[in-house]
Amino acid sequence: MPGVVLVGAQWGDEGKGKVTDYLAEKADLVVRYQGGSNAGHTVKVGEEEFRLHLVPSGILYPGKICIIGNGVVVDPQVLVEELEGLKERGIDTSGLRLSYRAHVILPYHKRLDELEEERRGSGRLGTTKRGIGPAYVDKAARTGIRVVDLLDPEEFRQRLALNLKEKNELFTKVYGTSPCSLEEILEEYLEYAERLRPLVADTGQIINQALREGKKVLFEGAQGTLLDLDQGTYPYVTSSYPVAGGACIGAGVGPKAIDSVIGVAKAYTTRVGEGPFPTEAKDTAGEYLRRRGGEYGTTTGRPRRCGWLDAVILRHAADVNGLTGLALTKLDVLTGVDPIQICTGYLYKGKILSSFPASLRVLQECEPVYEELPGWADDITGAESIEDLPPACRAYIRRVEELAGVPVKLIAVGPRRDQTIEVADIFG
Ligand code: GDP
Ligand code: IMO
Ligand code: MG
């Protein structure tokens, strides 16, 4: 019953969509377990590019069972539009299933996300403004509305009316803005409900049954370890649990369902939004990586902050996820960079820290310690095996393995599906 979790090992946008799409060929089920349409997962097949926000990145294989699990917060408008867009491009989406238990993002969540960011001023988090934080707040406060509630018009009306009482007080009295209209939301959302009804299922049961039958299940994380609510750079994080343990909670399976955990890491580091980023390169190196790597957000188009690979965060990711392998992406972007720097530790008040610090102040004050490695000049975008890579590139991979303490099992040398080298069989 091989269950494989793919988790972002950095601050998101590591290439999880691409790696999921590559591995999905062998998987029977592909499952999203947390986050929502804050995610932007890019998949490139031939010259065709797909940007997915809610639909799992296995959808490009006709009929593949793709599940949006209970841990995801679903914006029905985004999901309906995404499905239509895929269908228009000739993609068979008949394998998509949506959990009854997933929570629904409502217009007031998106408005609150914007208003809260405005109110934070210079302390803003740089959210994607997709309503993610406010939706998870309601889930924890037990005032959320789930897909199962949306499908029951009377239940939906009652819950919505109750919620709007409180939310509209906030809009009018705290933020001094207009209230949300119950009837307008009802009209719009009941239409979405009918569009989504055929997809809705007890997804936990589907996944557990598949595992019992020995099928291969791929859990596709969104965001990344350093954006995890508990393990990330709090409060500059998202409101869900991207880490591997989140797959159990957000898909409805037990911990024994997970056989391996692959951390997806770029060969350098990026971050979009605010918050600490010790290896950020604000000089020409950072600009070079942004330009060569096309580092602009898939969801918001914002330029991503860029910097060197950080082995401290990779070791943290290895621990908190129980990584059994790494998928190292965008190695081709480093071609022509010489020397290449890797951060091996953080220096704080004259001492090397033994672990990734929880304190934001320490993170901001610590100094990354770098090691320099020779670069390579040859184009690697056509490499089909590890032997095709220049010696300096192979040495870089080996050093990343040593510093992270995790073997590299997959390498990406370009955005397309075929620009992937599977070093070791991930479904084993
Ligand atoms: P995700 O959120 O983790 O799925 O990553 P994104 O899709 O947001 O960002 C990754 C970007 O890098 C996308 O534009 C991918 O097409 C691209 N990409 C992924 N792997 C590679 C690679 O190995 N080389 C290059 N040049 N681009 C890649
Ligand atoms: P994928 O799945 C990169 C960041 C936002 C912000 C913080 C909180 O494509 O890797 P939120 O809207 O979640 O409340 O924003 O998290 N963020 C991401 N950064 N990739 C993502 O997803 C992200 N999803 C959220 O920029 O800093
Ligand atoms: Mg992304």
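The sections below set out a description of the structure shown in this document. Just so we're clear, the structure is a prediction, and the values are computed from it rather than from any experiment.

The rules behind the values
Residues numbered from 1 in each chain as written. Chains lettered and ligands numbered in written order. Predicted model: local features only at pLDDT ≥ 70, side-chain atom pairs only at ≥ 80, totals over all residues. Heavy atoms only, no water. Salt bridge = Lys/Arg side-chain N within 4 Å of Asp/Glu carboxyl O. Helix = DSSP H or I, 4+ residues; strand = E, 2+ residues; numbered from the N terminus. Buried < 20%, exposed > 50% of the residue type's maximum accessible area, 1.4 Å probe, protein only. Near = heavy atom within 4 Å. Polar contact = N/O pair within 3.5 Å; in protein donor to acceptor, adjacent residues only side chain to side chain. Areas by Shrake-Rupley, 256 points an atom, 1.4 Å probe, with all protein chains shown as cover. 1 Å grid on protein atoms, 1.4 Å probe; cavity = no way out; pocket = protein on both sides within 12 Å on 5 of 7 lines; lining within 4 Å. Sits in = over half its atoms within 2 Å of the grid points. Nonpolar A, V, L, I, M, F, W, Y, C, P; charged D, E, K, R; others polar. Core = buried A, V, L, I, M, F, W, Y, C linked by side-chain atoms within 4.5 Å. Contact = heavy atoms within 4.5 Å.

### A word on the pattern of salt bridges
Link 1 in the chain: Counted by the stated rule, this structure contains 29 salt bridges.
Link 2 in the chain: Two residues, lysine 26 and aspartate 425, come together in a salt bridge whose shortest N-O distance is 3.5 Å. Of this pair, lysine 26 sits in the loop between α1 (16-24) and β2 (29-32) while aspartate 425 is found in the segment after β20 (420-422), placing the two residues 399 residues apart along the sequence.
Link 3 in the chain: The class for aspartate 425 is partly exposed, based on a relative accessible area of 48%.
Link 4 in the chain: Between arginine 399 and glutamate 371 there is a salt bridge, with the nearest N and O atoms lying 2.5 Å from each other. Taken together, the positions of arginine 399 in helix α13 (residues 391-404) and glutamate 371 in strand β18 (residues 367-373) put the pair 28 residues apart, joining distant regions of the chain.
Link 5 in the chain: A relative accessible area of 23% means that arginine 399 is categorised as partly exposed.
Link 6 in the chain: If you follow the salt bridges from partner to partner, you end up with Asp13, Lys266, Glu295, Arg304 and Lys330 in one network.

### Quick notes on the site of ligand 1
Link 1 in the chain: As a matter of local geometry, ligand 1 sits amid 18 residues, with Gly15, Lys16, Gly17, Thr42 and Asp332 nearest to it.
Link 2 in the chain: Between ligand 1 and glycine 40, the relevant distance is 2.9 Å, taken from an oxygen atom to a main-chain nitrogen or oxygen of the residue.
Link 3 in the chain: Glycine 414 places a main-chain nitrogen or oxygen 3.1 Å from an oxygen atom of ligand 1.
Link 4 in the chain: Relative to its free-state accessible area of 590 Å², ligand 1 is covered by the protein chains to the extent of 92%.
Link 5 in the chain: With respect to the pocket detection grid, ligand 1 is positioned in the second largest pocket.
Link 6 in the chain: The element best represented in the shell around ligand 1 is α1, accounting for three residues.
Link 7 in the chain: Taken together, the residues of the shell around ligand 1 sort by class into four nonpolar, seven polar and seven charged.

### What about the nonpolar core?
Link 1 in the chain: Membership of the largest hydrophobic core comes to 59 residues, with the highest contact counts inside it found for Val5, Ile207, Phe219, Leu331, Leu334, Trp376 and Tyr396.
Link 2 in the chain: Of all the elements, α13 adds the most residues to this core, at seven residues.
Link 3 in the chain: Excluding anything up to four places from it in sequence, leucine 331 contacts Ala267, Trp376, Ile380, Cys393, Tyr396, Ile397, Ile411 and Ala412.
Link 4 in the chain: With 58 residues, the next largest nonpolar core counts Val19, Tyr61, Leu106 and Tyr175 among its residues.

### Some remarks on the site of ligand 2
Link 1 in the chain: Surrounding ligand 2, one finds 20 residues, the nearest of these being Asp13, Lys16, His41, Thr128 and Thr238.
Link 2 in the chain: Aspartate 13 has a polar backbone atom sitting 2.8 Å from an oxygen atom of ligand 2.
Link 3 in the chain: Between arginine 302 and ligand 2, the recorded distance is 2.9 Å, taken from a side-chain N or O atom to an oxygen atom.
Link 4 in the chain: When ligand 2 sits alone it has 550 Å² of accessible area, and the protein chains cover 97% of it.
Link 5 in the chain: Taken together, the residues of the shell around ligand 2 break down into seven nonpolar, ten polar and three charged.

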